[in-house]
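Chain by chain, the residues run as shown.
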Amino acid sequence: MSTRAALQPASPWVQITATTDDWDAAEADLLISMFSQLSLIRAFEEFVLTLAGEGLVHGPAHSSIGQEGAAVGSVMSLTSDDSVNGSHRGHHQFLAKALGHVAPKGIDPTADVSDEVRTVLLRSLAEICGLSRGYCRGRGGSMHLQWREAGAIGTNAIVGGGVPLAVGQAWAHRYAGSDAVAVTYFGDGATNIGSTLESFNLAAAWKLPVCFFIENNRYAVATTIDEVTAEPRLSARGLGFNIPSWKVDGMDVLAVHLAMTEAVEHMRSGLGPTMIEADTYRYFHQNGPFPGSAFGYRSKDEEKSWRDRDPITQLSSHLIRRDILTSDQVDDFTARSKAIMTDVAAEILEPLPGGKPGQRRIKPVEWPDPDFRDVGVRGDLSEFADVQFADTDTFTGALEQRKFIDTVAAVLFRRMEQDPSVVILGEDIHRLNGGTNGATRGLSDKFPDRVLGTPISENAFTGLAGGIALDGRYKPIVEFMYADFMWVAADQLFNQVGKARHMFGGDNDVPLVLRSKVAMGTGYGSQHSMDPAGVLATAAGWRIVAPSTPFDYVGLMNAALTCKDPVVVLEHVDLYASTGDAPIDDLDYVLPVGKAALRRSGSAVTVITYLAMVNYCLEAVDAGRVDADVIDLRWLDRASLDWDTIGASIKKTNRVLIAEQGARGTSYGGWLADEIQRRYFDWLDHPVERVTGGEASPSISKVLERAAIAKTEEVAAKLTEILEA
């Protein structure tokens, strides 16, 4: 007969409640600082709702009124070196961190508030209103608040989207030898998001100093937590990942502080991640100045029961009871906090001309210049100012025939050897003698602490790399085993990494390189065979390179690692076993950004292509003795296309064929053909023609796979058609 034994979680899970003795033991300066921050944040949030009611906040105003205790209680244990990020409801967390930065010794409620504090309030308000003096120059608004100097690394409109980024910041803190920690704030909804759970696992496996701070306010818009999970005690999530977890009353600012103090001590001691669940309540609806009861999903009695435990009221009663502040002093600072917001807002508001008494508008001078619209989508490439470029016609080093994949491994080894900031992460890259294809051969032996074999969790480790890149001290290289996995990590690639520079004001460098394998023709079927170039080209923040020769791979990888924008380096399996000219000793040269290669010269037709398709086009041109220019694009993103080379060729040949291997639906050539038609219509004697794969993704069957992708034969047939026409 079987036996049964109860299992216990490997990590502790405790609930902390602050007693009267705790309140009596708390230092007066701590309680005063908490009160000052709570009062200012509450006054700020109330003012934001007032402006929203007047129509002066364009977009959402996700109020945190009622939840301030969780933010203030947790931030009191942090320093400016520690990093925090949050979700769309993040005003209170941002303000608590920013106020702690400018007033590390606290804010005296009996004295005048400093100019630095007023500036924090002004710039935060300006950002929420979308104005140029905001922290993100008006681009972030309510949901994207960032001030890196204060350790506020950015709130996030994607539920759970910022969690992996904070894990990356925690990795950077630990690897730098600092005792700094990261805190990522999110709500009850994010605890069921895949990237959040992946991040729990990754942080625990690597013992990273990150606190997963759950503000459980009971509602995701209007859906209650009890409707969507069978375990509403959300800190229980930590136990499944061996993460020590605390549960605390988020309306009790001191209880939150006590829990966070223990969690920070755990993390600074090198013991790994922590989790805190703070039960709290938002007094208002998801967005705007009305309570949830106005929409029928909460009762007024429920709202009153939470308001009766207001964090400011609780704290004030203890300040008065202990004779730290008088009732009059509490009331005075509450009133002054509101007056400060009125004074601060006068910097950006003015009476509405011709309006009714009391009507206001944003001062026109405060709005961003419309010409600022696209500034900072990507960097200006000033990092290349002192770089010595070389190409096939100017390279002076010795060359030899070498396999493409061996060149990949060689240049990665060289960069890690020369640059201690380079770190590589991905699945199995530290095993199998260099991963599944040998691209990282020898790296884990030489650089074990910078070659990170990850769990199978692309969204989490891509976000982790994004956090490392945004930290600025390290250059992560991410390897995707197959390009199709980009869809798994789409949030981090497109919503986070690709938008980070522009979204936060245009000044954030994002030095991340993504190596991704295109595996068409290998029999791996629909979910392992895509060419992602066409999809990536729609994301303005990404740069894309597609090396077709060993020589190009070295120069393009060096360019990608020099660049302070995120760069995708596409690699095709058809090229891995091919050989070509490769440098013997000089692995440091850089190919210029935005410079294509003319692989053949002719006058009858311009063939534009990239990656493995270059060789198939050359085969078709040579076999058919076609008088063609064959242009290897090298750089595929819109900002880096070599229009000089493309334009000169079109003006010579007056005919264009764009050739790519992948499926028509995710085609790169579709937008390129449109742009060529727009730019060079008067020079074209023939419609722009294209060669692509079929409509469907490649199948497993050898016959069906070949039918689904384009190679030499398809290019040759199309060239014949063009020239006969």
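Counting restarts for each chain: residues are numbered from 1 in the order of the written sequence. Local features in this predicted model are restricted to residues whose pLDDT is 70 or higher, and side-chain atom pairs enter the listing and the counts only when it is 80 or higher, whereas totals over whole chains, interfaces and linings include all residues. Processing note: side-chain calculations cover all non-hydrogen atoms of the structure and skip hydrogens and water entirely.

As recorded by an unreviewed UniProt entry, the protein carries the name dihydrolipoyllysine-residue succinyltransferase and is attributed to Mycolicibacterium moriokaense. UniProt positions are given in the numbering used here, feature names are shortened, and annotations may be inferred rather than shown by experiment. Per UniProt, the comment on the protein under Catalytic activity (unreviewed entry) is "N(6)-[(R)-lipoyl]-L-lysyl-[protein] + 2-oxoglutarate + H(+) = N(6)-[(R)-S(8)-succinyldihydrolipoyl]-L-lysyl-[protein] + CO2".

Asks: I would appreciate a short explanation of the UniProt feature "domain: Transketolase-like pyrimidine-binding" (unreviewed entry) in the protein in the present structure.
Replies: Mapped onto this structure's residue numbering, the UniProt feature "domain: Transketolase-like pyrimidine-binding" (unreviewed entry) falls at residues 402-578. In this text, helices come from DSSP runs of H or I with a minimum length of four residues, and strands from runs of E with a minimum of two, each type numbered from the N-terminal end. End C-alpha to end C-alpha, residues 402-578 measures 8 Å, and it is 37% helix and 18% strand.

Asks: Even after reading the chapter, I still don't get helix α11 (residues 311-321), so can you show me in this structure?
Replies: Along an α-helix, a turn takes 3.6 residues, which lines up residues three or four apart on a common side. Burial classes: relative accessible area under 20% of the type maximum marks a residue as buried, over 50% as exposed, and values in between as partly exposed (1.4 Å probe, protein chains only). Among all positions in α11, only Pro311, Ile312, Leu315, Ser316, His318 and Leu319 are buried. Projection of α11 onto a plane perpendicular to its axis shows the buried side chains occupying an angular sector of 165 degrees, all on one side. Of the surrounding elements, those touching the buried residues of α11 are α1 (20-25), α2 (28-53), α3 (68-75), α9 (253-268) and α12 (327-345). Any pair of N or O atoms that falls within 3.5 Å is considered a polar contact. Within protein, one atom must be able to donate a hydrogen and the other to accept it, and sequence-neighbouring residues count only if both atoms are side-chain atoms. Its side-chain oxygen placed 2.9 Å from the backbone nitrogen of Ile312, Asp310 serves as the N-cap of α11. Trailing α11 by a residue or two, Asp323 shows a phi angle of about 60 degrees, which is positive. Relevant arc is that of directions from the helix axis to the C-beta atoms, nothing else. The contact definition used throughout considers only heavy atoms, calling two residues in contact when any of these lie within 4.5 Å.

Asks: What is the right way to look at the packing of helix α6 (residues 163-175) against helix α15 (residues 458-471) in this model?
Replies: Axes are the key here: two packed helices are described by the angle between their axes and the distance separating the axes. For helices, the fitted axis covers only the stretch in contact; all axes are lines through C-alpha atoms, and the angles between them, taken along N-to-C directions, range from 0 to 180 degrees. Remark: α6 packs on α15, axes separated minimally by 6 Å, with the N-to-C direction vectors making an angle of 55 degrees. Put simply, α6 runs oblique to α15. Pair α6 / α15 crosses with right-handed handedness. Together, Pro164, Leu165, Val167, Gly168, Gln169, Trp171, Ala172 and His173 of α6 and Asn459, Ala460, Gly463, Leu464, Gly466, Gly467, Ile468, Leu470 and Asp471 of α15 make up the contact between the two elements. Across the contact of α6 with α15, the residue classes tally to nine nonpolar, seven polar and one charged. Roughly parallel means an angle under 35 degrees; roughly antiparallel means over 145; roughly perpendicular covers 65 to 115; every other angle is labelled oblique. Here is the rule for handedness: rotate from the far helix to the near one, and if that takes an anticlockwise turn smaller than a right angle the crossing is left-handed, while a clockwise turn gives right-handed. Amino acids outside the nonpolar list (Ala, Val, Leu, Ile, Met, Phe, Trp, Tyr, Cys, Pro) and the charged list (Asp, Glu, Lys, Arg) are all regarded as polar, and Gly is one of them.

Asks: Looking at this model, I keep getting lost on unusual backbone geometry. Mind explaining?
Replies: Positive phi, close to 60 degrees, is recorded for Val221, a residue that is not glycine. Examined against the element boundaries, Val221 turns out to sit in the loop between β6 (219-220) and β7 (223-224). Looking at Val221, the relative accessible area reads 39%, which means it is partly exposed. Of note in the backbone geometry, Asn242 takes a positive phi value of approximately 60 degrees without being a glycine. Within the secondary structure, Asn242 sits in the loop between α8 (225-228) and β8 (245-249). Among the residues examined, Asn242 registers a relative accessible area of 43% and is labelled partly exposed.

Asks: I keep staring at the side chain of Thr462 and nothing clicks. Help me out?
Replies: Topologically, Thr462 is positioned in helix α15. With a relative accessible area of 1%, Thr462 lands in the buried category. Residues within four places of Thr462 in sequence aside, it is in contact with Val478, Phe480, Ala489, Gln492, Leu493 and Leu512.

Asks: Mind showing me how you'd approach the packing of aromatic side chains here?
Replies: Here a ring pair, both rings aromatic, is described through the centre-centre distance and the interplanar angle of the planes. Centres within 6.5 Å are what make two rings of Phe, Tyr or Trp a pair, Trp counting through its six-membered ring; a difference in plane orientation under 30 degrees is then read as stacked, over 60 as edge-to-face, and the rest as tilted. In total, this model carries 26 aromatic pairs according to the counting rule given. Taken together, a centroid distance of 5.0 Å and an interplanar angle of 35 degrees make the contact between Tyr135 and Trp147 tilted. With a gap of 12 residues between them, Tyr135 in the loop between α5 (115-128) and β3 (152-155) and Trp147 in the loop between α5 and β3 connect regions that are remote in the sequence. Ring geometry for Phe395 against Phe551: centres 5.3 Å apart, planes inclined by 80 degrees, an arrangement best described as edge-to-face. With Phe395 in the loop between β11 (360-362) and β12 (399-403) and Phe551 in helix α19 (residues 550-562), this residue pair connects regions lying 156 residues apart in the sequence. When sorted by exposure, Phe395 lands in the same class as Phe551, which is buried. Site record: aromatic cluster; members linked through ring pairs are Phe186, Phe200, Phe212 and Phe241. Look at NZ for Lys and CZ for Arg. If either is within 6 Å of the ring centre and within 35 degrees of the ring normal, a charge sits over the ring. Lying across the ring of Tyr482, Lys517 places its NZ or CZ 4.3 Å from the centre. Geometry around Trp643 places Arg679 over its ring, the cationic atom sitting 4.1 Å from the centre.

Asks: Can you walk me through the pairing of strand β4 (residues 182-187) in this structure?
Replies: The side chains of a regular strand alternate, first on one face of the sheet and then on the other. With five of six residues buried, β4 lies mostly within the body of the structure. Relative to strand β5 (residues 210-216), β4 is paired through six bridges, and the arrangement is parallel. Bridge assignment links Gly187 to a residue of β5, and that residue is Glu215. Here the rule is simple: two strands pair whenever DSSP picks up at least two bridges between them.

Asks: Would you take a moment to explain the sheet that holds strand β22 (residues 628-632) for this structure?
Replies: Strands in a sheet are paired, the pairing made by backbone hydrogen bonds, and the direction either parallel or antiparallel. If you trace the five strands from one edge of the open sheet to the other, you get β20-β22-β21-β23-β24, paired in mixed fashion. Each of the sheet's edge strands pairs with one partner strand only, and the pair in question is β20 (597-600) and β24 (689-691). Adjacent strand axes in the sheet meet at a mean angle of 25 degrees, parallel and antiparallel pairs treated alike. In terms of strand pairing, strand β21 (residues 605-609) meets strand β23 (residues 656-659) through three bridges, oriented parallel. From the neighbouring strand, Ile608 faces β23, where its bridge partner is Ile658. Of the strands in this sheet, β21, β23 and β24 are in contact with helix α23 (residues 669-680), which crosses β23 at around 160 degrees.

Asks: Looking at this structure, I do not really get the state of the cysteines. What am I missing?
Replies: Here, the word disulfide means a covalent bond between the sulfur atoms of two cysteines. The disulfide criterion is simple: two cysteine sulfur atoms within 2.5 Å. A complete count under the given rule lists zero disulfides for this structure. Lacking any disulfide linkage, Cys136 is separated from the closest cysteine sulfur, that of Cys129, by 14 Å. Given a relative accessible area of 0%, Cys136 falls into the buried group.

Asks: Before we go on, may I ask you to explain the domain arrangement of the protein in this structure?
Replies: Where the parts come together, the accessible area they lose is often given as the size of the interface. Where a domain begins and ends is set by an automatic assignment or by a domain database. By domain assignment, the protein separates into domain 1 (15-363), domain 2 (382-583) and domain 3 (597-724). The distance between the C-alpha centroids of domain 2 and domain 3 comes to 25 Å. Domain 2 puts 31 residues into the contact, and the matching count from domain 3 is 28 residues. Interface of domain 2 and domain 3: buried area, both sides summed, is about 2,500 Å²; carbon and sulfur atoms make up 57% of it. The buried area of a pairing is the accessible area, by a 1.4 Å probe, that goes missing from both parts when the two are put together, added over both.

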